[in-house]
Amino acid sequence: MVNGDCVTADIKQLNATSWHIINNLQSYNVEIINFSSSEKTAEIKVNNNIYTITAKDQFDILLDRLGLSNLNAAKVSEIKAPMPGMVLKVFVSEGVSVKKGDNLFILEAMKMENIIKAPAEVIVKTIKIKPGDKVEKGQILMMF
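Asks: Pulling in residues and values, what's your account of the nonpolar core?
Replies: Within the largest apolar cluster, 20 residues are counted, with the highest numbers of intra-cluster contacts made by Val 90, Val 92, Leu 104, Phe 105, Ile 129 and Met 142. Elements with a contribution of two residues or more to this core: strand S7 (85-90), strand S9 (103-109) and strand S14 (140-143). With three residues, S9 is the single largest residue contributor to this core. Beyond its immediate stretch of four places on either side in the chain, Val 90 contacts Leu 104, Phe 105, Ile 127, Ile 129, Lys 130, Pro 131 and Met 142.

Pasting the structure below:
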């Protein structure tokens, strides 16, 4: 199934990461660039165009129908300092919605700048730091 439509195609695997596909008299060269089995996502190159795709099995579809598909989403309520250091810059403000992987702030530790990213899609409720603050390992820095 592709976008809900049943597809019958001629598929020939060329090597471990590439295939040749013929569908509706059109030829496609497909290569897997990146694959995450835990998130069921992949980046593929189709005729030199890169796409990000998501796969669902029958259990994922059943969870969607029952309205339970977000049970595995990360429940994050706070960010703690992973190490002692000094806050150099804060990229977000209170009340802002951030997506997983968005930059939150820069923490300097042992003369290295570490960009701390959002672990999940959340709304920033409280920011307990500002540039120039020194923080200890385990200190709560932001709440969601």
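From this point, the discussion proceeds with the structure in view.
Asks: So what about the sheet that holds strand S4 (residues 41-46)? Which residues, and what values?
Replies: Taken together, the five strands give an open sheet; going across it, the order is S1-S2-S3-S4-S5, and neighbouring strands pair in antiparallel fashion. Whereas interior strands pair on both sides, the edge strands pair on one side only; in this sheet they are strand S1 (10-13) and strand S5 (49-54). Neighbour-to-neighbour, the strand axes of this sheet turn through a mean angle of 30 degrees, independent of strand direction. Strand direction decides the pairing type here: strand S2 (residues 18-23) and strand S3 (residues 26-36), joined by six bridges, are antiparallel. Bridged to Ile 22 within S3 is Ser 27.

Asks: Hey, could you go over the pairing of strand S10 (residues 112-117) for me, with residue numbers and the actual values?
Replies: Of the strand pairs in this sheet, S9 and S10 are connected by six bridges, and their pairing is antiparallel. Paired with Asn 103 across the two strands is Lys 117, which belongs to S10. Where S9 folds back onto S10 in an antiparallel hairpin, the turn is made up of two residues, including Met 110, whose phi is positive at roughly 50 degrees.

Asks: Go over the sheet that holds S14, please, and point to the residues and values.
Replies: In space, the three strands of this open sheet follow the order S6-S14-S12, with antiparallel pairing throughout. Strand pairing shows two members of the sheet lacking a second neighbour, strand S6 (78-80) and strand S12 (126-127), which therefore form its edges.

Asks: I'd like a rundown of the layout of surface pockets, residues and numbers included.
Replies: Taken as a whole, the largest pocket encloses approximately 1,100 Å³ of empty space. Taken together, 24 residues form the lining of the largest pocket, with Met 1, Val 2, Ile 21, Ile 44 and Ile 53 sitting closest to its centre. For the lining of the largest pocket, a count of residues per class yields 17 nonpolar, six polar and one charged.

Asks: Tell me about unusual backbone geometry, residues and numbers included.
Replies: Of note, Lys 40 is a non-glycine position whose phi angle comes to about 55 degrees, a positive value. Along the chain, the position of Lys 40 falls in the loop between S3 and S4.

Asks: Talk me through the pattern of salt bridges; I want residue IDs and the actual numbers.
Replies: Throughout the structure, instances matching the rule amount to four salt bridges. The salt bridge involving Asp 57 is made with Lys 40; its shortest N-O contact spans 3.3 Å. Here Lys 40 lies in the loop between S3 and S4 and Asp 57 lies in the loop between S5 and helix H1 (58-66), a separation of 17 residues in the sequence. Between Lys 130 and Asp 133 there is a salt bridge, with the nearest N and O atoms lying 3.1 Å from each other.

Each value, and the rule that gives it
Residues numbered from 1 in each chain as written. Predicted model: local features only at pLDDT ≥ 70, side-chain atom pairs only at ≥ 80, totals over all residues. Heavy atoms only, no water. Core = buried A, V, L, I, M, F, W, Y, C linked by side-chain atoms within 4.5 Å. Buried < 20%, exposed > 50% of the residue type's maximum accessible area, 1.4 Å probe, protein only. Helix = DSSP H or I, 4+ residues; strand = E, 2+ residues; numbered from the N terminus. Contact = heavy atoms within 4.5 Å. Pairing = 2+ DSSP bridges. Axes fitted to C-alpha atoms, helices over the stretch in contact; angles between N-to-C directions. 1 Å grid on protein atoms, 1.4 Å probe; cavity = no way out; pocket = protein on both sides within 12 Å on 5 of 7 lines; lining within 4 Å. Points joined across faces, edges and corners; volume = space filled by probe spheres on them. Nonpolar A, V, L, I, M, F, W, Y, C, P; charged D, E, K, R; others polar. Salt bridge = Lys/Arg side-chain N within 4 Å of Asp/Glu carboxyl O.

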